[in-house]
Each structure stands twice: as C-alpha cells, then as structure tokens.
Amino acid sequence: MNLTKQEQKMLDGELGEAVQQSMEILVALGKIYSAEKMIPITSAQIAGVSYKTIGNAGLEYLQEMVKKGAKVKIPSFLNPAGMDVEQWKELHIPENFAKKQIKVLEAYSAMGIRNTCTCTPYLVGVVPKKGEHIAWSESSAVAYANSVLGARTNREGGPSALAAAICGVTPKYGFHLDKNRVSDFVVEVKCDLHSESDYGAMGYYVGEIVKNKNPAFIGIEKSNVNSDKLKALGAAMAASGSVGLFFVKGVTPEFNVSEKHEKIVFTEKELRHAKEKMATTNEQPQLITIGCPHASIDEIQKVADIIQMKQIHKLKCQLWICTARDTKKKAEKLGLAKIIEAAGGKLVADTCMVVCPLEQMGFTITACNSGKAAKYLPSLCKQKTVFGDLEEIIH
Ligand code: F3S
C-alpha cells in the first residue's frame with residue numbers, strides 16, 4: 001500500500017504502541033482487499049460493546065488498548081451496550097453482567113469514544129453527507145449510511161472500526177470506491193407495503209436471497225416510504241443476508257444498476273411467506289420489543305398513539321421500546337414516555353432486545369415488529385418469536 005509519511009510513522013510505532021497496532025490492522029485489511037491507499041474518515045461507529053457479545057476476552061483487549069494509550073482521532077460513537085446504564089437494576093439485569101458492562105464502557109470512554117450506545121447515530125445528530133467516507137460497524141447503520149445517506153463505509157468489524165477511529169483513516173476499498181456501488185440484483189416490488197414490519201419482512205426475504213449483493217428496488221412509491229421504513233428494510237437485509245448497500249428507485253441518492261443483472265419479483269405471496277417464517281410462535285409473549293434498529297421519535301409517537309387509541313390501561317405483558325438516550329429524552333419532553341409508562345411500558349436506552357441478556361432474565365417468548373430482531377431473537381437470545389405490525393403486537 002502507498003502510505004503517507006504520517007501513516008508510515010504510525011506503522012513504525014513512532015506514535016505509540018496503540019496507534020502502531022491499529023495501523024497494522026488497517027494495513028493488513030488493505031492488503032487483503034488490494035487497497036492502494038488509506039483515506040481520511042470523518043466518523044467511526046464502533047460495535048462490540050455489549051459484554052454479552054464480547055465477553056472477557058473483548059473486555060481485556062479494550063483494557064489493554066487503554067493501557068497502551070489508545071485515543072481516538074475523530075468523532076467516534078458506540079453501538080448499543082448490553083443494558084440501560086441508568087435503569088439496569090429496575091430491568092433486572094444480573095449484577096455480575098452489569099459490573100462487566102460498566103468496565104467495557106469505561107474502557108471506551110478512556111479512549112475518547114462517546115457512549116452514545118445506539119445503532120442509529122444518524123437519528124441523534126451524526127449524519128454524514130453524501131460521498132463522505134466513514135468507518136461504521138453496526139450492520140444496520142452501515143446499510144442506512146451507504147444507501148439512504150449516500151455516505152461511504154464498509155461493514156467494519158468492531159476492531160477495525162476502533163483501529164480506524166484511532167488512526168483517523170481507513171483502507172480505500174469496497175464501498176469507498178464507485179465501481180462497487182452498483183447493483184446487479186433488481187427486486188421488483190409488486191405489492192403494497194404499509195408498515196415498518198412489512199419492509200422488515202421484505203428485507204428478511206430479500207437478504208436471504210441476495211446474500212452480500214447490492215439489491216436495487218423498483219416499484220416502491222416515494223410517498224409510501226420514509227426513513228423508518230428504509231431503516232427497517234436495510235437492517236433486515238443486513239441480518240438475513242449481509243447487505244451493506246441497497247438502492248430504491250426515485251428514493252435513495254444513488255441508483256446504479258449494471259446492465260447484466262438478476263431479477264426477482266416480490267409479491268403479496270412472498271410477503272406472507274416471510275412473515276410466516278419469522279413468527280415462530282403465536283403464543284402470548286412475555287415481552288413486546290419495539291426499536292430494532294433503535295426507535296425514532298415518530299415510532300415512539302406511534303406506540304403512544306396505539307396505546308391511547310386502543311385505550312390500554314395495563315399492557316398484558318412487558319413492553320420495551322429500545323431507543324437512543326437522546327431520543328428517549330425527547331420522548332420524555334413530548335409527554336410520550338408518560339403515556340407509555342402509564343400503561344406499563346418502558347423506554348429502554350443504551351441497549352436492545354438482542355444484545356441484552358434476555359435469556360438470562362427469564363424471557364422465552366418475545367414479540368417484535370422488526371425483521372432483524374426476528375432473525376436474531378431465536379438464535380442469539382433463545383426466544384420464540386411473535387412477529388407483527390405495531391397494532392397487532394401491542395395489547
Ligand atoms: Fe440495533 Fe440491536 Fe437491532 S443493535 S439494529 S436494535 S439488534
């Protein structure tokens with residue numbers, strides 16, 4: 001790789017061991033993917049935050065980096081942790097887990113990374129512009145940043161995003177290059193999609209088929225889609241496949257389809273099929289979870305509206321709306337939290353249904369309206385899953 005003088009200094013260890021180790025990771029990646037050089041990035045979003053997913057080995061790695069003097073060079077943000085840092089006791093998170101989780105967060109803070117703990121940084125002020133190079137690692141945020149915002153990021157792993165944050169650069173390959181921002185798989189949508197869960201179901205179905213290709217959707221009316229639906233679509237495709245970039249004709253800032261492409265049609269039949277596959281049970285859930293990816297203020301408003309419309313005084317089971325802490329504060333200011341809490345629901349910040357230790361907390365049946373959550377709740381949290389629209393699952 002052609003490194004600048006400064007990058008070479010980093011690699012040679014002139015700027016300390018943590019920088020050297022990070023540059024080694026980036027150079028190794030660059031070589032694997034034949035990158036010619038590094039490019040500066042404007043932000044990093046770092047996954048590998050929940051103690052449930054990184055365990056002791058991950059915690060020790062982070063503490064080691066702190067000891068070596070690691071500090072980030074650019075604005076850097078964290079993915080969800082394994083618990084709400086303010087109400088973990090109230091939510092019955094096991095104490096041993098909480099203690100370890102706090103240590104993980106302390107290590108990231110010591111490196112200068114902001115404890116935003118959200119998979120939707122773009123909903124709380126971190127909005128890269130079209131063409132901006134970034135290094136994000138949460139798969140749903142990668143899909144959103146590339147596709148909806150037109151920014152440029154690969155699907156980073158936690159360690160490579162951290163390395164990029166420490167060095168301020170990332171190897172220029174993959175989605176950073178124009179030639180890879182092209183679709184060779186068209187999805188023609190021939191049915192009406194109403195809710196976020198419809199988009200999540202379509203994403204679940206399409207992701208399984210396209211795997212890591214870049215799907216391009218045609219047939220979706222601009223007036224029918226919004227950022228919540230696009231975030232649901234991208235998250236589901238990133239989970240059931242490993243989609244990092246998609247296009248929607250007339251909606252996303254880019255729409256490039258190669259002449260030679262495969263094509264599938266998505267109809268009412270495929271929608272039904274996907275929903276049936278995602279719902280592994282129709283039993284009464286013990287927990288309803290909303291907010292995968294983290295709920296926007298509009299989604300929280302919808303939940304509050306449903307509670308009022310259905311005149312629910314006491315929900316039949318627990319309800320968590322997982323969201324970013326800043327969005328939660330907004331919901332409190334607007335009086336939405338009060339409506340939801342009066343019915344027994346909770347706004348849960350910093351974490352989500354998948355990365356918190358649900359299975360250790362006694363839950364076995366969980367409802368969701370998210371394609372991504374439906375993909376992971378059975379495998380990562382040992383849950384039977386009820387899947388449906390907000391109106392269907394909130395009662
Ligand atoms: Fe976010 Fe957790 Fe879903 S990290 S995308 S809410 S699985």
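Residues numbered from 1 in each chain as written. Predicted model: local features only at pLDDT ≥ 70, side-chain atom pairs only at ≥ 80, totals over all residues. Heavy atoms only, no water.

Where do I start with helix H9 (residues 268–278) in this structure?
One turn of an α-helix holds 3.6 residues; hence residues three or four places apart share an orientation. Glu270, Leu271, Ala274 and Met278 are the residues of H9 that are buried. With its buried residues spanning 105° around the axis, H9 presents them on a single face. Those residues of H9 that are exposed and angled more than 90 degrees off the buried face are Lys269 and Glu276. Among the structural elements, helix H7 (196–210), strand S9 (257–266), helix H13 (371–381) and strand S14 (384–387) are those in contact with the buried residues of H9. (Buried < 20%, exposed > 50% of the residue type's maximum accessible area, 1.4 Å probe, protein only. Helix = DSSP H or I, 4+ residues; strand = E, 2+ residues; numbered from the N terminus. Arc of directions from axis to C-beta. Contact = heavy atoms within 4.5 Å.)

Would you mind showing me how to read the site of the ligand here?
In the vicinity of the ligand, the residues found are Pro80, Cys119, Glu138, Ser140, Gly291, Cys292, Pro293, Cys352, Val354 and Lys372. Assessed atom by atom at 2 Å from the grid points, the ligand resides in the largest pocket. Tallied by class, residues from the shell around the ligand come to 6 nonpolar, 2 polar and 2 charged. (Near = heavy atom within 4 Å. 1 Å grid on protein atoms, 1.4 Å probe; cavity = no way out; pocket = protein on both sides within 12 Å on 5 of 7 lines; lining within 4 Å. Sits in = over half its atoms within 2 Å of the grid points. Nonpolar A, V, L, I, M, F, W, Y, C, P; charged D, E, K, R; others polar.)

Whenever I open this one, the nonpolar core confuses me. Can you help?
Here is a general trend for soluble globular proteins: nonpolar side chains tend to be buried in one another's company. Among the nonpolar cores identified, the biggest contains 102 residues, and Met202, Phe217, Phe246 and Trp320 are the most heavily contacted of them. With 26 residues, the next largest nonpolar core counts Ile306, Ala337, Ile393 and Ile394 among its residues. (Core = buried A, V, L, I, M, F, W, Y, C linked by side-chain atoms within 4.5 Å.)

Even after reading the chapter, I still don't get the sheet that holds strand S13 (residues 365–368), so can you show me in this structure?
Strand pairing in a sheet takes place through backbone hydrogen bonds and is either antiparallel or parallel in direction. Taken in spatial order, the 5 strands of this open sheet run S12-S11-S10-S13-S14, and their pairing is parallel. Looking at the sheet topology across the chains shown, the edges are occupied by strand S12 (345–349) and S14. Strand-to-strand, the axes of this sheet are offset by a mean angle of 25°, without reference to chain direction. As judged from the 3 bridges shared by strand S10 (residues 287–295) and S13, these two strands associate in the parallel manner. Following the sheet pairing, Leu287 is matched in S13 by Thr366. (Pairing = 2+ DSSP bridges. Axes fitted to C-alpha atoms, helices over the stretch in contact; angles between N-to-C directions.)

I would appreciate a short explanation of empty space enclosed by the protein in the present structure.
The gaps of empty space that remain are located by a probe, the size of a water molecule, rolled over the atoms. All told, the structure shown has 1 cavity of 30 Å³ or more when counted by the stated rule. Volume-wise, the largest cavity comes out at about 90 Å³. In this structure, the largest cavity is lined by 13 residues; those nearest its centre are Glu196, Ala232, Cys292, Glu299 and Ser370. Element by element, the count of residues in the lining of the largest cavity is highest for helix H8 (residues 227–240), at 4 residues. Partitioning the lining of the largest cavity into residue classes produces 4 nonpolar, 4 polar and 5 charged. (Points joined across faces, edges and corners; volume = space filled by probe spheres on them.)

Please explain the pattern of salt bridges as it appears in this structure.
Between side chains of opposite charge, pairing is possible as soon as their charged atoms come close. Considering all chains together, one arrives at 16 salt bridges under this definition. Across the pair Lys68 and Glu17 runs a salt bridge, and its minimum N-O distance is 3.8 Å. Linking Lys68 in the loop between helix H3 (51–67) and strand S3 (76–78) with Glu17 in helix H2 (residues 17–32), this pair joins segments that are 51 residues apart in sequence. Judged by its relative accessible area of 48%, Glu17 is partly exposed. (Salt bridge = Lys/Arg side-chain N within 4 Å of Asp/Glu carboxyl O.)

How do you make sense of helix H1 (residues 5–12) when you look at a structure like this?
Listed in full, the buried residues belonging to H1 are Glu7, Met10 and Leu11. The buried residues of H1 occupy one face: seen down the axis, they fall within an arc of 95°. For H1, the elements touching its buried residues are H2, strand S1 (38–40), helix H6 (158–167) and strand S5 (169–171).

I tried to follow the pairing of S10 on my own but got confused; where do I start?
A regular strand carries its side chains on alternate faces of the sheet. For S10, a buried count of 9 out of 9 residues is recorded, marking the element as mostly surrounded by other parts of the structure. Following the chain from S10 across helix H10 (residues 297–309) to the adjacent parallel strand S11 (residues 318–323), one finds a crossover that is right-handed. (Right-handed = clockwise from strand over helix to strand, strands pointing away.)

I would appreciate a short explanation of the layout of surface pockets in the present structure.
Of the pockets and cavities examined, the largest pocket occupies roughly 400 Å³. Where the lining of the largest pocket is concerned, the elements lending two or more residues are helix H5 (139–149), S10 and H13. A class-by-class count of the residues in the lining of the largest pocket yields 13 nonpolar, 8 polar and 2 charged. Its boundaries defined by the atoms lining it, the second largest pocket holds a volume of some 330 Å³.

Explanation requested: the sheet that holds strand S8 (residues 247–248) in the structure shown.
Taken in spatial order, the 4 strands line up as S8-S7-S6-S9 in an open sheet, and their pairing is parallel. Because the sheet does not close on itself, it has two edges, and the strands there are S8 and S9. Pairing geometry for strand S7 (residues 215–218) and S8, over 2 bridges, is parallel. Residue Phe217 lies in a different strand from S8, and its bridge partner there is Val248.

Is there a simple way to explain the packing of aromatic side chains in this structure?
Applying the stated criterion across every chain, the model contains 7 aromatic pairs. A ring pair is formed by Tyr51 and Phe97, whose centres lie 5.7 Å apart and whose planes are at 75°; its orientation type is edge-to-face. With a gap of 46 residues between them, Tyr51 in helix H3 and Phe97 in helix H4 (residues 95–110) connect regions that are remote in the sequence. Classification of Tyr51 by relative accessible area gives buried; the value is 15%. (Phe/Tyr/Trp six-rings, centres within 6.5 Å; stacked < 30°, edge-to-face > 60°.)

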